[in-house]
Amino acid sequence: QADNALSAGRLVQADAMPSTLELAKLPDAASAVALSRAEYHMAQGNVEKAENALAKIGENPRKECRAERVSGWIAGKSGQWNKAILRLADAIDLCGEGADLWNLFGLALIGKKEYSAALEAFDSALILDPKNAALLSNRALASVASGRLDAALQDLAEARRLQPGNLVIMGNADYLS
């Protein structure tokens, strides 16, 4: 049942099932549920619960794509920039390229004040998803920090065109104007 809930994306249902799996001593299933719990809690913005869930997966799945991604995501949200960068770089290697991974990687690089590298990460993300307003807005942040105000304004204008009601993008654009 937990596998069905996980594969269908019913994370809340899967979240309620681990105790049965843990009692049955099925470490792979328990690790999968713990990892899904960590992803669910990160999506809800609860870093502490995500860290607790990730701690339950053990060492074997740690070099697995999703585990590295969520570990890097948690580290970034916790301000542990070096750890976030290492984990997310591993996730990119393990998962293959994805715009969401490059975005998280770029945000971690901004956190570490490595703006040129962040611009490269956002460029890589935008190659994969060129109409993503959040990516454009994030690249604008790195551009401003790199002293490229004109490029930042262009990215924010395009992001605003793509998502005219996005309050974060509107706020960034208004701040820079």
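Only a predicted model underlies this, so the values are computations on that prediction, with no experimental measurement involved.

1. Some words on the overall build of the protein
Turning to step 1, where the next piece is worked out: For the protein, the helix and strand inventory stands at twelve helices and zero strands.
Turning to step 2, where the next piece is worked out: Each helix (α) and strand (β) of the protein, taken in turn from the N terminus, gives the series α-α-α-α-α-α-α-α-α-α-α-α.
Turning to step 3, where the next piece is worked out: When contacts within the protein are restricted to residue pairs at least 6 apart in sequence, long-range pairs at least 24 apart make up 42% of them.
Turning to step 4, where the next piece is worked out: Accessible area for the protein stands at about 9600 Å²; split by element, carbon and sulfur atoms hold 52% of it.

2. Quick word on the nonpolar core
Note that soluble globular proteins tend to have their nonpolar side chains buried in a common cluster.
Turning to step 1, where the next piece is worked out: L54, V70 and F105 are the most contacted members of the largest nonpolar core, which has 43 residues in total.
Turning to step 2, where the next piece is worked out: Looking at this core, the element that brings in the most residues is helix α8 (residues 99–111), giving eight residues.

3. Digging into helix α7 (residues 81–95)
Turning to step 1, where the next piece is worked out: Between the first and last C-alpha of α7 there are 20 Å, a value that for 15 residues agrees with the 21 Å anticipated at 1.5 Å per step.
Turning to step 2, where the next piece is worked out: For α7, the full list of buried residues reads A84, I85, L88, A91 and I92. Buried residues of α7 fall within an arc of 130° about the axis and therefore sit on the same side. Exposed side chains of α7 directed beyond 90 degrees from the buried face belong to L86 and D93.
Turning to step 3, where the next piece is worked out: In this structure, the buried residues of α7 make contact with α6 (65–77) and α8.

4. Remarks on the packing of aromatic side chains
Turning to step 1, where the next piece is worked out: Counted according to the given criterion, the structure contains one aromatic pair.
Turning to step 2, where the next piece is worked out: Here W102 and F105 contribute two aromatic rings whose centre-to-centre distance is 5.9 Å and whose plane-to-plane angle is 75°, an arrangement assigned as edge-to-face. Highlighted residues: W102 and F105, both in helix α8, separated by three residues, approximately one helical turn. With respect to class, W102 is no different from F105; both count as buried.

5. Observations concerning the state of the cysteines
Turning to step 1, where the next piece is worked out: In total, this model carries one disulfide according to the counting rule given.
Turning to step 2, where the next piece is worked out: Covalently, C65 is tied to C95 through a disulfide, its sulfur atoms 1.7 Å apart. Taking the torsion about the S-S bond as the criterion, the C65 to C95 disulfide, at about 110°, is right-handed. In this pair, C65 sits in helix α6 while C95 sits in helix α7, placing the two residues 30 residues apart along the sequence.

6. Notes on a nonpolar patch on the surface
Turning to step 1, where the next piece is worked out: On the surface, V144, L149 and L153 cluster together into a nonpolar patch covering about 200 Å² of accessible area.
Turning to step 2, where the next piece is worked out: According to the relative accessible area criterion, V144 is partly exposed, its value standing at 34%.

7. Section: the side chain of R69
Turning to step 1, where the next piece is worked out: Checked against the element boundaries, R69 lands in helix α6.
Turning to step 2, where the next piece is worked out: You can call R69 buried: its relative accessible area is 18%.
Turning to step 3, where the next piece is worked out: Setting aside its immediate chain neighbours within four residues, R69 contacts L88, A91, D100, L101 and L104.

8. So, helix α10 (residues 133–145)
Turning to step 1, where the next piece is worked out: End to end, α10 covers 19 Å across 13 residues, agreeing with the expected 18 Å (1.5 Å per residue, within 8%).
Turning to step 2, where the next piece is worked out: Of all the positions in α10, only A133, L135, L136, S137, N138, R139, A140, A142 and S143 are classed as buried.
Turning to step 3, where the next piece is worked out: For α10, the secondary structure elements touched by its buried residues are α8, α9 (115–128), α11 (149–162) and α12 (167–176).
Turning to step 4, where the next piece is worked out: The N-capping residue of α10, defined by a side-chain oxygen 3.0 Å from the backbone nitrogen of A134, is N132.

What counts, and where the lines are drawn
Residues numbered from 1 in each chain as written. Predicted model: local features only at pLDDT ≥ 70, side-chain atom pairs only at ≥ 80, totals over all residues. Heavy atoms only, no water. Helix = DSSP H or I, 4+ residues; strand = E, 2+ residues; numbered from the N terminus. Contact = heavy atoms within 4.5 Å. Areas by Shrake-Rupley, 256 points an atom, 1.4 Å probe, with all protein chains shown as cover. Core = buried A, V, L, I, M, F, W, Y, C linked by side-chain atoms within 4.5 Å. Buried < 20%, exposed > 50% of the residue type's maximum accessible area, 1.4 Å probe, protein only. Expected span 1.5 Å × (residues − 1). Arc of directions from axis to C-beta. Phe/Tyr/Trp six-rings, centres within 6.5 Å; stacked < 30°, edge-to-face > 60°. Disulfide = S-S within 2.5 Å. Patch = residues over 30% accessible without salt bridge, like charges linked within 9 Å, V, L, I, M, F, W, Y side chains within 5 Å. Salt bridge = Lys/Arg side-chain N within 4 Å of Asp/Glu carboxyl O. Polar contact = N/O pair within 3.5 Å; in protein donor to acceptor, adjacent residues only side chain to side chain.

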